[in-house]
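Okay, here's what each chain looks like letter by letter:
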Protein chains: 2
Amino acid sequence: MKISHTPFDTIFYSIEETIKAYRKLSLKEIKNAISDITVDQALILQMINDKQLTQTEIADLIFKDYASMTRIIGLMVKKNYLIKTTNENDRRASVLKTSPKGELALKQLIPIINQNRETALNNLTIEDINNLKHILNKINQNCKK
Amino acid sequence: MKISHTPFDTIFYSIEETIKAYRKLSLKEIKNAISDITVDQALILQMINDKQLTQTEIADLIFKDYASMTRIIGLMVKKNYLIKTTNENDRRASVLKTSPKGELALKQLIPIINQNRETALNNLTIEDINNLKHILNKINQNCKK
DNA sequence: TAATAATACTTGATATATCAAGCAAAACTA
DNA sequence: TAGTTTTGCTTGATATATCAAGTATTATTA
């Protein structure tokens, strides 16, 4: 198979471009509602609210380094969106909970997050989405071999 | 259209996952050859070698902030991969050139970069790629409206 | 059970991302 | 042509990414 080799023709360029455009849109809308929260922080808030998770679990789920996770969580605690305590059954692990402020923020954020997704996926068909997911998954597998 | 709303079912999750996997693969292979160069730095080296570009132009092409570009270029100059001078026709602008060390590095890097792309796209058809590009482009447009 | 290994983070150092503010040169305009 | 705006880039501050090294705590193993 012949594949383009100039940087700007590669599919990776398109992928980067798209994800950056989506992140930009999301950040704008989120900041518009709550100025001191980022896209990832909103996602983390949502994850912790849905299910009790450790930092390590969150990091694995959203492809972040554990060190970054420590710092992001630290900031979210400092801004009072999260409450962090130690797990008494395993004193290495921390227990993360959304604070009242965090829950309130989340109530505002969820419709915004959903709206962002709708906006980004406007005019796409179910086939488009499934296709996209399928092809990306192939690439993902290739990269991990 | 009904679209999934749980974070891990969304297509954006797949996109992030894929681009991170690809970046990880690329970085590993690049570092293996030249330990002090990153994926973006390799790309920048390639761009500058192909065509004379200003920092601003490079930043726009690879979706980077101008401030980041100043710092990345600064490091590449410091590591002696690039030579930076001022453009005498427009003293605001800088002229960037690959140094001999940069050119040598690039010679090593180009086959690696190409190989990474081949690896990542293994078993994909031309249709897959075109499809992917087309769908991503739709999302990209939606995000920019 | 003592030594070792693994786990769940944390910290330091450096690079990059992002926003805001600033600077000098160039372009534009009244 | 003087004043204003734009352009190309830089710097500062803060957040995040990444790698390496370190600290408790828990689990394993000889």
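This text follows the structure it describes.
A brief structural summary.

Cut-offs used in this document
Residues numbered from 1 in each chain as written. Chains lettered and ligands numbered in written order. Predicted model: local features only at pLDDT ≥ 70, side-chain atom pairs only at ≥ 80, totals over all residues. Heavy atoms only, no water. Helix = DSSP H or I, 4+ residues; strand = E, 2+ residues; numbered from the N terminus. Lys, Arg positive; Asp, Glu negative; His and termini not counted. Charge placed at Lys NZ, Arg CZ, Asp CG, Glu CD. Near = heavy atom within 4 Å. Polar contact = N/O pair within 3.5 Å; in protein donor to acceptor, adjacent residues only side chain to side chain. Buried < 20%, exposed > 50% of the residue type's maximum accessible area, 1.4 Å probe, protein only. Contact = heavy atoms within 4.5 Å. Least-squares fit on C-alpha atoms with pLDDT ≥ 70 in both. Salt bridge = Lys/Arg side-chain N within 4 Å of Asp/Glu carboxyl O. Phe/Tyr/Trp six-rings, centres within 6.5 Å; stacked < 30°, edge-to-face > 60°. Lys NZ or Arg CZ within 6 Å of the ring centre and 35° of its normal.

1. What about the overall build of chain A?
Okay, step 1: When helices and strands are tallied, chain A shows 6 helices and 2 strands.
Okay, step 2: Reading the secondary structure of chain A in the N-to-C direction produces α-α-α-α-β-β-α-α.
Okay, step 3: Dimensions of chain A, computed from the C-alpha atoms along their principal axes, are close to 55 × 35 × 25 Å.
Okay, step 4: For chain A, the separation between the mean place of its 22 positive charges and that of its 16 negative charges on side chains is 4 Å.

2. Brief notes about the protein's contact with DNA strand D
Okay, step 1: Taken together, 23 residues lie around DNA strand D, and A:K64, A:R92, B:T56, B:R71 and B:K84 are the ones closest in.
Okay, step 2: With respect to DNA strand D, the side chain of A:R71 contributes an N or O atom lying 2.8 Å from a base oxygen.
Okay, step 3: Interatomic distance of 2.6 Å between a side-chain N/O atom of B:R71 and a base nitrogen of DNA strand D.
Okay, step 4: Among the elements of the structure, helix 4 (66–78) of chain A together with helix 3 (55–61) and helix 4 (66–78) of chain B are those that each provide at least two residues to the surface near DNA strand D.
Okay, step 5: In terms of residues, the surface near DNA strand D owes the most to one element, helix 4 of chain A, which gives 5 residues.

3. Comments concerning unusual backbone geometry
All names here are of chain A.
Okay, step 1: For F63, which is not glycine, the phi torsion reads 60 degrees and is therefore positive.
Okay, step 2: Mapped onto the fold, F63 is located in the loop between helix 3 (55–61) and helix 4.
Okay, step 3: In this model, N80 sits at a positive phi of 70 degrees, which is unusual for a non-glycine residue.
Okay, step 4: Relative to the helices and strands, N80 resides in the loop between helix 4 and strand 1 (82–86).

4. Details of the environment of A:S99
Residue and element names in this part refer to chain A.
Okay, step 1: In this structure, S99 sits in the loop between strand 2 (94–98) and helix 5 (100–120).
Okay, step 2: A relative accessible area of 1% places S99 in the buried class.
Okay, step 3: For the pair formed by S99 and N49, sequence separation is 50 residues and the distance between their alpha carbons is 9.5 Å.
Okay, step 4: Beyond its immediate sequence surroundings of up to four residues, S99 is in contact with N80, Y81, L82 and I83.

5. Concerning the relation of the copies chain B and chain A
Okay, step 1: In screw terms, the move from chain B to chain A is a rotation of 180 degrees and a rise of 0.0 Å along the axis, fitting with an RMSD of 0.0 Å. Here the transformation between the copies is reduced to the relation of a two-fold axis. In terms of C-alpha distance to the rotation axis, chain B has B:L132 as its closest residue, with the C-alpha 3.0 Å off the axis.
Okay, step 2: Here 100% of the interface residues in chain B have copies in chain A that are interface residues too; the copies meet face to matching face.

6. Focus on the protein's contact with DNA strand C
Okay, step 1: Close contacts around DNA strand C come from 23 residues, with A:R71, A:S94, B:Q41, B:K64 and B:R71 the closest.
Okay, step 2: The share of sugar and phosphate among atoms of DNA strand C within 4 Å of the protein is 59%.
Okay, step 3: One of the side-chain nitrogen or oxygen atoms of A:T56 is found 3.1 Å away from a phosphate oxygen of DNA strand C.
Okay, step 4: Take A:R71: an N or O atom from its side chain is 2.6 Å from a base nitrogen of DNA strand C.
Okay, step 5: Going through the elements one at a time, helix 3 and helix 4 of chain A together with helix 4 of chain B are the ones with two or more residues in the surface near DNA strand C.

7. Side note on the pattern of salt bridges
Two side chains of opposite charge can pair, provided their charged atoms sit close to one another.
Okay, step 1: Within this structure, the stated rule accounts for 14 salt bridges over all chains.
Okay, step 2: B:K144 is the salt-bridge partner of A:E17, the closest N and O atoms lying 3.5 Å from each other. Of this pair, A:E17 sits in helix 1 (residues 11–33) while B:K144 sits in helix 6 (residues 126–144), which puts the two residues in different chains.
Okay, step 3: Looking at B:K144, the relative accessible area reads 53%, which means it is exposed.
Okay, step 4: A salt bridge links B:R92 to B:D90; its shortest N-O distance comes to 3.0 Å.
Okay, step 5: Each of A:E16, B:R23, B:D40 and B:K64 takes part in one network of salt bridges that share partners.

8. Some points on the packing of aromatic side chains
Okay, step 1: Tallied over the entire structure, the rule returns 4 aromatic pairs over all chains.
Okay, step 2: The interplanar angle of 35 degrees and the centroid separation of 5.0 Å between the aromatic rings of A:Y13 and B:F63 together place this pair among those described as tilted. Of this pair, A:Y13 sits in helix 1 while B:F63 sits in the loop between helix 3 and helix 4, on two different chains.
Okay, step 3: Here A:Y13 falls in the buried class, since its relative accessible area comes to 17%.
Okay, step 4: Arranged with centres 3.6 Å apart and planes meeting at 5 degrees, the rings of A:Y22 and B:F12 form a pair that is stacked. A residue pair is termed interchain when its members come from two chains, as with A:Y22 in helix 1 and B:F12 in helix 1 (residues 11–33). There is no split in this pair, since A:Y22 and B:F12 are both buried.
Okay, step 5: Sitting over the ring of A:Y81, A:K101 keeps its end group 4.5 Å from the ring centre.

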